[in-house]
Amino acid sequence: MLLPRTILILKWAFIFISTVANGSPPEEPVRCFSNLKNCTVTNAYGAFPDRSICHAAEVAYPSSEEALVSIVARGTQEKRRMRVATRYSHSIPKLVCPYGDDGLIISTQNLNRVIKIDKENMFVTVESGVTLSQLIDEAAESGLALPYSPYWLGLTVGGMLGTGAHGSTLWKEGSAIHDYVIRMRVVTPGSPEDGYAKVRTLEENGELDSDLNAAKVSLGVLGVISQVTLKLQPLFKRSITFETKDDADLSDQVATFGRQHEFADITWYPSQNRVVYRLDDRVSSDVSGNGHWEHPGFRAVPSLVVHLLRSTEEDQEEKDDVDGKCIGGKLTSSVLIKSAYGLANEGIFFTGYPVVGYQNKLQASGHCLESHSNAEITVCPWDSRVKSLFFHQTTLSIAISKAKYFIQDIQKLVKIAPQSLCGIDLYEGILMRYVTGSDAYLGKEEDSLDLDITYYRSKDPKSARLHMDVLEEIEQMLVFKYGGLPHWGKNRNVAFEGVIKKYRKGSEFLKVKEKFDPLGLFSSEWTDQILGLKGAVTIVKDGCALEGLCICSEDVHCAPDQGYFCRPGKVYEDARVCTLVPDKVTNTHHKDFLYSLKDEL
Ligand SMILES: Cc1cc2nc3c(=O)[nH]c(=O)nc-3n(C[C@H](O)[C@H](O)[C@H](O)COP(=O)(O)OP(=O)(O)OC[C@H]3O[C@@H](n4cnc5c(N)ncnc54)[C@H](O)[C@@H]3O)c2cc1C
Ligand SMILES: *[C@@H]1O[C@H](CO)[C@@H](O)[C@H](O)[C@H]1NC(C)=O
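Residues numbered from 1 in each chain as written. Chains lettered and ligands numbered in written order. Predicted model: local features only at pLDDT ≥ 70, side-chain atom pairs only at ≥ 80, totals over all residues. Heavy atoms only, no water.

(A) Up close: the sheet that holds strand β1 (residues 30-34). With mixed pairing, 5 strands are arranged side by side in an open sheet as β1-β2-β3-β5-β4. Where the open sheet ends on each side, the last strands, each with one partner, are β1 and β4 (82-85). When the angles between neighbouring strand axes are averaged without regard to direction, this sheet yields 45 degrees. Each of β3 (54-60), β4 and β5 (104-107) is contacted by helix α2 (residues 65-77), which is oriented at about 170 degrees to β5, the strand it contacts most. (Pairing = 2+ DSSP bridges. Helix = DSSP H or I, 4+ residues; strand = E, 2+ residues; numbered from the N terminus. Axes fitted to C-alpha atoms, helices over the stretch in contact; angles between N-to-C directions. Contact = heavy atoms within 4.5 Å.)

(B) Spotlight on the sheet that holds strand β13 (residues 237-246). An order of β19-β13-β15-β14-β22-β23-β21-β24 is seen for the 8 strands of this open sheet, with the pairing classed as antiparallel. Since the sheet does not close on itself, it has two edges, and those belong to β19 (355-358) and β24 (485-486), each with one partner. Note that strand β14 (residues 265-269) and strand β22 (residues 430-435) share 4 bridges and pair antiparallel. By the bridge assignment for β22, Ile266 is matched with Met432. Of the strands in this sheet, β14, β21 (391-399), β22 and β23 (448-456) touch helix α10 (residues 400-416), which is tilted by about 135 degrees from β21.

(C) Representation of the pattern of salt bridges. Under the definition given, this model contains 35 salt bridges. With a closest N to O distance of 3.6 Å, Lys412 and Asp409 form a salt bridge. With a gap of 3 residues between them, Lys412 and Asp409 both fall in helix α10, about one helical turn apart. When its relative accessible area of 3% is taken as the criterion, Asp409 is described as buried. (Salt bridge = Lys/Arg side-chain N within 4 Å of Asp/Glu carboxyl O. Buried < 20%, exposed > 50% of the residue type's maximum accessible area, 1.4 Å probe, protein only.)

(D) Just the state of the cysteines, in detail. As enumerated under the stated definition, the model contains 7 disulfides in all. The disulfide bridge from Cys368 ends at Cys380, spanning 2.1 Å between sulfur atoms. Around the S-S axis, the bridge from Cys368 to Cys380 shows a dihedral of about 90 degrees and counts as right-handed. Of this pair, Cys368 sits in the loop between α9 (359-362) and β20 (378-379) while Cys380 is found in the loop between β20 and β21, placing the two residues 12 residues apart along the sequence. Owing to a relative accessible area of 0%, Cys368 belongs among the buried residues under this scheme. Residue classification places Cys380 among the buried positions, given a relative accessible area of 2%. (Disulfide = S-S within 2.5 Å.)

(E) How the structure looks around a negative patch on the surface. A surface patch of like charges, here negative, comprises Asp137, Glu138, Glu141 and Glu370. In this fold, Asp137 is placed in helix α3 (residues 132-141). Overall, the relative accessible area of 41% leaves Asp137 in the partly exposed class. (Patch = residues over 30% accessible without salt bridge, like charges linked within 9 Å, V, L, I, M, F, W, Y side chains within 5 Å. Areas by Shrake-Rupley, 256 points an atom, 1.4 Å probe, with all protein chains shown as cover. Lys, Arg positive; Asp, Glu negative; His and termini not counted. Charge placed at Lys NZ, Arg CZ, Asp CG, Glu CD.)

(F) Highlighting the packing of aromatic side chains. Throughout the structure, instances matching the rule amount to 18 aromatic pairs. Geometrically, the ring pair formed by Trp152 and Phe298 is edge-to-face, given 4.9 Å between the ring centres and 65 degrees between the ring planes. Linking Trp152 in the loop between β8 (144-145) and α4 (157-163) with Phe298 in the loop between β16 (292-293) and β17 (301-302), this pair joins segments that are 146 residues apart in sequence. When its relative accessible area of 18% is taken as the criterion, Phe298 is described as buried. By the ring-pair criterion, three or more aromatic residues cluster together here, those being Tyr45, Trp152, Phe298, Trp382, Phe391 and Tyr427. The cationic tip of Arg200 hangs over the ring face of Phe516; the distance from NZ or CZ to the ring centre is 4.2 Å. Of note, Lys237 hangs over the ring of Tyr358, and the distance from its end group to the ring centre comes to 5.0 Å. (Phe/Tyr/Trp six-rings, centres within 6.5 Å; stacked < 30°, edge-to-face > 60°. Lys NZ or Arg CZ within 6 Å of the ring centre and 35° of its normal.)

(G) Quick peek at the packing of α10 against helix α11 (residues 468-481). In the contact formed by α10 and α11, the axes pass within 11 Å of each other and the chain directions differ by 160 degrees. If you check the angle between α10 and α11, you find them roughly antiparallel. Where α10 crosses over α11, the two elements pack in a sense that is right-handed. From α10, Phe406, Asp409, Ile410 and Leu413 reach across to α11, where they touch Val470, Glu473, Ile474, Met477, Leu478 and Lys481. Counted by class, the contact of α10 with α11 contains 7 nonpolar, no polar and 3 charged residues. (Parallel < 35°, antiparallel > 145°, perpendicular 65-115°, else oblique. Left-handed = near helix turned anticlockwise from the far one by under 90°. Nonpolar A, V, L, I, M, F, W, Y, C, P; charged D, E, K, R; others polar.)

Purely geometric stuff here, so don't read any function into it on its own.
Okay, here's the thing in structure tokens:
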């Protein structure tokens, strides 16, 4: 018992010490065998949900709108399949892959300038490859702020709009970046008369408002976003307090809490009956404080430490060490809570609540992106060049009015299987954020609660995971029982089952796509699947349910050789999940685990 605890404590000590270390910047997702030709493309994790590798014949790096126009024109004339890649490609699904193997990747890496800041009107115009980090910094220099944003600085403006990225609020226009877009310039295929490419300016309250509503969340299928103008606010201060409570009345709190605090969010650890409320509001700039936020999970971590973390988790999985996971989960969440999730009042120290500071220093973090050396010593915790954290992410939003019932369902699951959710506490439990309904066709339909669950993924796609049945049941509950909308940039395939039918304006979106790109040059196999145009999002084969490529309907979709069979859910009986069935286990190693489980019960 002592050893794993010591390791865990050491690991946290390392993470905190590493705050000052320089990171090795993440790798570029596009790699070519010869100069800009014969390329492969992946995401920041180095793995798509189906673990395929995508190929492209060519990559282009435009550094101006003119260059972009000529690339799209050439692609259109040659009827090439095209997709946009970004500096880091943080989306998990296969959005970046073009159709077939001979597509053209257009990278926005060099479209990285802030074009104009209009202080008077509080508008900022940026090229689409500008990162959230740059956007926040440059706006702040002009005394302006983006009021709500994702919590991670490594995303680009084009990528955030591509997938509907958001922070957390139910106030005003809402927490999604696309709700602050007032103008966009999009380069689409054109007719021969247009010179094969067309620059379309889409403007709020313009004649073509409907086009803007489509382009605000576009999945990259409408063409290449060249420039974006966002509406900002005067830079302001906020005051943050994390309050830890038991979760007995969470189901009653969840709907009202989101209206009580402007930047409210909730981190829930169901297996510990523990919940952390973020009491976070705007304050007058007279209130003293110079706080900032550096999320421990986004810090540069020594690769040795990530190695250790991952090995510990793999070990726990292999040895069915549920107790180890529960101890580790408790320790991880306690350290996070004690360290205020990386908030600091001054310098690097947290001295007590509330933490008051300027918006630009508190809204997002991403230290592991920065690098001043070529050292391979520190990395982002998920960097696939070293042995690192490897996980699934299930992220869907459900109507606020249904959130209460979802929480009660999870509480029932925890009663039935108390240790089943310990594994998510090694990450961040269930992160719950508020997102408002949007006029973007592929934005949220109504005010919603976004649930973000990160959990262990095996390096071996055929390997069953501890208590995977419970996580699958939650995933299916969110998708079907609660009609959840998946985050377009996260999730496993099953979360996208029937997704386009959940959008009232889905067909409007498709009309704009038809108008902008009638040949579908910017569409891919994956976008055709999620938009319901061709093929299914699920892939049915042996073991497919283990990685969320399918919902099991037969035992072979699970891992019968490891004792996992296709069974109904425990609370949501319509769910079909891979469940460890005691009497059928042939493997003695699993048998020991099950007997100990039976003893516990
Ligand atoms: C550590 C981490 C934290 C995260 N935190 C949050 C969070 O707090 N909130 C949240 O909502 N999400 C979060 N995400 C998910 C993230 O928002 C999405 O994955 C995001 O879309 C990725 O942005 P990107 O710039 O990496 O774009 P990519 O993943 O490279 O691209 C996404 C899509 O947009 C398209 N696209 C990109 N640029 C353009 C362009 N110029 N023109 C046309 N299409 C384009 C691409 O083709 C692709 O389809 C997080 C992800 C990570 C890894
Ligand atoms: C691409 O590069 C790989 C590795 O060098 C090589 O095997 C392959 O033949 C190349 N393909 C093309 C189309 O050039």
